[in-house]
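Topology and contacts: notes
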Amino acid sequence: MAQDRPGSAHEPTGPAAADRPAPPTSSAPGEPLVVLQGVDKHFGPLHVLKGIDLTVRKGEVVVVIGPSGSGKSTLCRAINRLETIDSGTITVDGVPLPAEGKALARLRADVGMVFQSFNLFAHKTVLQNVTLGPIKAKGVRRADAERTAMGLLERVGVADQAAKLPAQLSGGQQQRVAIARALAMRPKVMLFDEPTSALDPEMINEVLDVMVSLAQEGMTMIVVTHEMGFARRAAHRVVFMDGGQVVEEADPETFFTAPRTARAQDFLSKILTH
């Protein structure tokens, strides 16, 4: 898991970002989409998730923050069943997480994930990376998959890189391709596990701009990040974790200006004063 980077409070910049209002925190998200109840997870003797209860509604953007080692990334990975849980339940759109096989593959098609490392196939072009999932997992015709992929690459600003290999792209471009690849599966919810932590500072905003755009279009998103500017700008709700537990949750304005718990106050005092 990436270390805290105290100064990482980047706001999306540029004309497009400046002209876009943040999603109103008063907007009413829809029905429950991702529901965790009593979720526990151990790594050997280490108890990394402790009785997590969390509900994310359709169209809601939930930003999960907290110190390194607090369980944020494990929580994110458990929702996609990249990590199994010891007890409790996780449901996506009312369906419990399947254990394995085709049902798990279908679940992962509904739950897009973007990692801190881009995880692109190095030997395939950008276009091939984005079309592979729809063709192989969903049986989409190649021509249709390519047409959709080009639209998504245009949407994230890298359509002119479609014929290149990942190594020929900057880190910010690779991460935007990774977002397009996840979107190509038409997921019900997008998980972002510290998507900017591996990027050089000048590349962070170009990825955050894409994420802000997705949020404003109504994509359900669970975002683990150290980027407090993004949390302030795009989140409906901030969830603060520490020691494997959800310590506090609130809308961004309330959380950043009047955190209730001493632990959240201490965390914010350290990251917002640098």
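Residues numbered from 1 in each chain as written. Predicted model: local features only at pLDDT ≥ 70, side-chain atom pairs only at ≥ 80, totals over all residues. Heavy atoms only, no water.

Looking at an unreviewed UniProt entry, one finds the protein named ABC-type polar-amino-acid transporter and attributed to Cellulomonas bogoriensis 69B4 = DSM 16987. One UniProt comment on the protein, placed under Catalytic activity (unreviewed entry), says "a polar amino acid(out) + ATP + H2O = a polar amino acid(in) + ADP + phosphate + H(+)". (UniProt positions renumbered as here; feature names shortened; annotations may be inferred.)

Side note on the overall build of the protein
Looking only at helices and strands, the protein has 10 helices and 10 strands in total. Sorting the 274 residues of the protein into buried and exposed places 51% on the buried side. Across the protein, every contact between residues at least 6 apart in sequence was considered, and the portion connecting residues at least 24 apart equals 71%. When the accessible surface of the protein is summed, it comes to about 12,000 Å², and 52% of that surface belongs to carbon and sulfur atoms. (Helix = DSSP H or I, 4+ residues; strand = E, 2+ residues; numbered from the N terminus. Buried < 20%, exposed > 50% of the residue type's maximum accessible area, 1.4 Å probe, protein only. Contact = heavy atoms within 4.5 Å. Areas by Shrake-Rupley, 256 points an atom, 1.4 Å probe, with all protein chains shown as cover.)

Observations concerning the sheet that holds strand 4 (residues 87–92)
Reading across the sheet, the 4 strands line up as 2-1-4-5 and stay open at both edges, with antiparallel pairing between neighbours. Looking at the sheet topology across the chains shown, the edges are occupied by strand 2 (46–57) and strand 5 (95–96). (Pairing = 2+ DSSP bridges.)

Remarks on the packing of aromatic side chains
In total, this model carries 3 aromatic pairs according to the counting rule given. For the pair Phe-240 and Phe-255, a centre-to-centre distance of 6.1 Å together with 35° between the ring planes defines the contact as tilted. One end of the pair, Phe-240, is in strand 9 (residues 237–242); the other, Phe-255, is in helix 9 (residues 252–257), with 15 residues separating them in the sequence. Owing to a relative accessible area of 0%, Phe-255 belongs among the buried residues under this scheme. (Phe/Tyr/Trp six-rings, centres within 6.5 Å; stacked < 30°, edge-to-face > 60°.)

Re the sheet that holds strand 10 (residues 245–250)
Spatial ordering of the open sheet is given by 6-7-8-3-9-10, a layout of 6 strands whose pairing is mixed. Edge positions in the sheet fall to strand 6 (111–114) and strand 10, since each has one partner strand and no second. Across this sheet, the average inter-strand angle for adjacent strands is 20°, counted without regard to direction. Taken together, the 4 bridges between strand 3 (residues 61–65) and strand 9 define a ladder with parallel strand orientation. Bridge pairing links Val-63 to Val-238 in strand 9. Against the sheet, helix 6 (residues 171–183) contacts strand 6 and strand 7 (189–193), and its axis sits at roughly 170° relative to strand 6. Its contacts with the sheet put helix 7 (residues 201–216) on strand 3, strand 7 and strand 8 (220–224), and the angle it makes with strand 8 is roughly 145°. (Axes fitted to C-alpha atoms, helices over the stretch in contact; angles between N-to-C directions.)

With respect to the pairing of strand 2
The pairing of strand 1 (residues 32–43) with strand 2 spans 8 bridges and is antiparallel. When the bridges of strand 2 are listed, Lys-41 appears paired with Leu-49.

Observations concerning the packing of helix 4 (residues 126–138) against helix 5 (residues 142–155)
Following both chains from N to C, one finds helix 4 and helix 5 inclined at 125°, their axes separated by 9 Å at the closest point. One finds that helix 4 runs oblique with respect to helix 5. For the element pair helix 4 and helix 5, the recorded crossing hand is right-handed. Residues Val-126, Leu-127, Val-130, Thr-131, Pro-134 and Ile-135 of helix 4 pack against Arg-142, Ala-145, Glu-146, Ala-149, Met-150 and Leu-153 of helix 5. (Parallel < 35°, antiparallel > 145°, perpendicular 65-115°, else oblique. Left-handed = near helix turned anticlockwise from the far one by under 90°.)

Observations regarding the environment of Ala-178
Residue placement: Ala-178 occurs in helix 6. Each C-alpha atom of the pair Ala-178 and Phe-115 lies 8.3 Å from the other, and the pair is 63 residues apart in sequence. Apart from the residues lying within four places of it in its own chain, the contact partners of Ala-178 are Val-114, Phe-118 and Leu-120.

Examining the packing of helix 4 against helix 6
In a pair of packed helices, the angle between the axes and the distance between the axes together describe the arrangement. Contact pair helix 4 / helix 6: the axes reach a minimum separation of 8 Å and the direction vectors enclose 25°. Our classification of the angle between helix 4 and helix 6 gives roughly parallel. As helix 4 runs across helix 6, the sense of the crossing is right-handed. Along its contact with helix 4, which presents Val-126, Asn-129 and Val-130, the element helix 6 presents Val-177, Ala-180 and Arg-181. In the contact of helix 4 with helix 6, the residues fall into 4 nonpolar, 1 polar and 1 charged. (Nonpolar A, V, L, I, M, F, W, Y, C, P; charged D, E, K, R; others polar.)

Regarding the pattern of salt bridges
Following the criterion strictly, the structure yields 14 salt bridges and no others. In this structure, Lys-58 engages Asp-93 in a salt bridge whose closest nitrogen and oxygen atoms are separated by 3.6 Å. Taken together, the positions of Lys-58 in the loop between strand 2 and strand 3 and Asp-93 in the loop between strand 4 and strand 5 put the pair 35 residues apart, joining distant regions of the chain. Note on Asp-93: relative accessible area 29%, which makes it partly exposed. We note a salt bridge from Arg-237 to Glu-249, for which the minimum N-O separation is 2.4 Å. Here Arg-237, found in strand 9, pairs with Glu-249, found in strand 10; they are 12 residues apart in sequence, far enough to count as distant. You can call Arg-237 buried: its relative accessible area is 14%. Three or more residues are tied together by salt bridges with common partners; here these are Lys-58, Asp-93, Asp-110 and Lys-188. (Salt bridge = Lys/Arg side-chain N within 4 Å of Asp/Glu carboxyl O.)

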